Each structure stands twice: as C-alpha cells, then as structure tokens.
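Results of the structural survey
One-letter residues, chain by chain:
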Amino acid sequence: MRHISALAIVLLNGLLLHGATPAPVVNNTAINYSTNRITITGISLSPTGAAPTVNFNSSNLSLVSFSNTIVVANIPVQQPGTYRLRLTSSNNNFYEFDVTYGAVGPQGPMGPQGPIGPTGAAGAQGPAGATGPAGATGPSGQAGAQGAQGPSGPQGAPGPNRKAIALLKWYSANEAVSFPAGAGGAPRDLIFDGDNIWVVGSQQALQKMRASDGAILGIFPAAGIYTSTLVFDGANIWVASYDGGTLSKTRASDGVLLDVYNIPGPMDSHSMVPISG
C-alpha cells in the first residue's frame, strides 16, 4: 500500500458555507494500488450521515464506505500524474485539492522567494525572573612576584641639628648678622633653646629673641641684681645671680618665672657653682 499526502491547496472560493453547517476539511489521502482504492481522512465529511460525493479527474468515484471522518472510494487506473479531487460533503459543502497518482516525479526547482511581510509589533516584555543565588567565592589566585626595587632618590640637604646647637656645638649660620640685645643693661650671657636666643642683662632682665630674624619676643624679670649665667634644660631657662646667691627658673615657652632658689655664698659667673671661702 502506498500513501500519498494531499498538497492541501485550498481554494477559498470553494469553501461555501450553507448556514451554520461546517465545511469539510481533508487532512490526508492514501491510495492502495493493489485494490485501486483511495482513503480520505478529515473532518465534517458526512455531517448529516448521508453519503458524500468524491470527484476525481472530473469523474465521480463509487464509495466503498464512509463516515464523518473517513471516506473510502474505488479509483480507476490513471496515468501517473497529479489530478484534482473534490469532496462534497452530505450538506453540499466541498473541499478541493490535488492528488498525485503513480510515481512521484523529481522535485522541481525552488521558486523565487516571496516578499517578506511587515514585522509584527513587539509583544509586551515578560516579568523579570528571580535573581539566582550567588555562587561560591572562588579560590584566591597566587600572589604575583614582587617587582624590582626602584633606584634610590637623591639625598636631601641635611637640616640644622638643633640638639647640637643647644649643646653649644655651633654651626656657621647668620655669620654676618647682628642684633641689639641686653635689655636692662649690658648683656652678660646668652643661651640658645633650639628656636630662640635668650640674653641676660645686668639689671634683672631676661630677653627672648627669635633666632631667624632677631625679633624680640619678650623681656622677662630675673632674680638678683647682677645676673650672669644662663643654662637651658630643654624646657626652662635657669638664671644665676652671682652676687645675690639666687637661682631663678623661667619657663621657655612663655617666660613665666616658675621659682627662685637661694644658694648661700657668691657664685662663679661661669660655672654656676658657689665659690668657697
């Protein structure tokens, strides 16, 4: 038995509807060449229960059996080729299509492509899906090799060694500059605290001068009539009065006289040590 599908060429002009009765639709045909019978399957082939009519190559075929979905008819021997078949249902609606009888010839060349129809409107975007769980953190990669050390930059100029200056280890600075000093009388001694110069006069006066430009920052009292010797301890200025046997302590930051100590006996003007009898 050989089965040949219909080309399903529907002639819209042949779909004549009478009232609300459905028109027949053929889905498939198969020809059995040993019995010379054609089997037609579809829907609404016999909606009223009466026999449909099958016309093949302009001749009505005799029916073997029929139902609303299957019709079997005798088909005369034909020359191989494609013929028109019309099935008229029991309510006089018909369906026409081409049926190939015999061997199928080679496929013909593909016809030219028809024009592309207009693009339909884009449908509405669907809702976004739920965010998936975050994946596990991957292992850390190996550390890269350390780069080569760059060349050393040039050495900067050395700054002033203030500790050495405070210890009277002088350096050549402002050699050609001089400033007036010695408030309250002739200057007797001086000391450097790392930023400022302290000068002691003969009349109980202690003068504080800025070392960079000689500006007088303050004049403060000191104990004794004739003060002579100065010592800086890193925070305070100590002033010795060799005639009165006193030792005064002045705060270097603001010149406040913190205390005065009595030392018996006259003092050497350079060592701040009492002179023994």
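Below or above, wherever it landed, is the structure these notes cover. (Residues numbered from 1 in each chain as written. Predicted model: local features only at pLDDT ≥ 70, side-chain atom pairs only at ≥ 80, totals over all residues. Heavy atoms only, no water.)

Some points on the sheet that holds strand β1 (residues 25-32)
- The strand order β1-β2-β6-β5 describes an open sheet built from four strands, whose pairing is antiparallel. Pairing within the sheet leaves two strands with one partner each, and these edge strands are β1 and β5 (63-66). Sheet twist, expressed as the mean angle between neighbouring strand axes with direction ignored, is 15°.
- By the bridge criterion, five bridges tie strand β2 (residues 37-43) to strand β6 (residues 70-74) in an arrangement that is antiparallel. (Pairing = 2+ DSSP bridges. Helix = DSSP H or I, 4+ residues; strand = E, 2+ residues; numbered from the N terminus. Axes fitted to C-alpha atoms, helices over the stretch in contact; angles between N-to-C directions.)

Points about the side chain of Lys208
- Take Lys208: it is sitting in strand β11 (residues 205-210).
- Buried Lys208, no salt bridge; nearest opposite-charge side chain is Asp193, N-O distance 5.4 Å.
- A polar side-chain atom of Lys208 sits 3.4 Å from the main-chain carbonyl oxygen of Ser253.
- Residues within four places of Lys208 in sequence aside, it is in contact with Asn196, Ile197, Trp198, Ala215, Ile216, Leu217, Gly218, Phe220, Ala252 and Ser253. (Buried < 20%, exposed > 50% of the residue type's maximum accessible area, 1.4 Å probe, protein only. Lys, Arg positive; Asp, Glu negative; His and termini not counted. Salt bridge = Lys/Arg side-chain N within 4 Å of Asp/Glu carboxyl O. Polar contact = N/O pair within 3.5 Å; in protein donor to acceptor, adjacent residues only side chain to side chain. Contact = heavy atoms within 4.5 Å.)

Considerations on the pattern of salt bridges
- If you walk through the whole model with that rule in mind, you get five salt bridges.
- A salt bridge links Asp98 to Arg84, with the nearest nitrogen and oxygen atoms 2.8 Å apart. With Asp98 in strand β8 (residues 94-101) and Arg84 in strand β7 (residues 81-88), this pair connects stretches of sequence that are 14 residues apart.
- Among the residues examined, Asp98 registers a relative accessible area of 15% and is labelled buried.
- Looking at Arg84, the relative accessible area reads 31%, which means it is partly exposed.
- Arg86 is paired through a salt bridge with Glu96; the nearest N and O atoms lie 2.6 Å apart. Of the two residues, Arg86 is situated in strand β7 and Glu96 in strand β8; the sequence distance between them amounts to 10 residues.
- Given the relative accessible area of 14%, Glu96 is considered buried.

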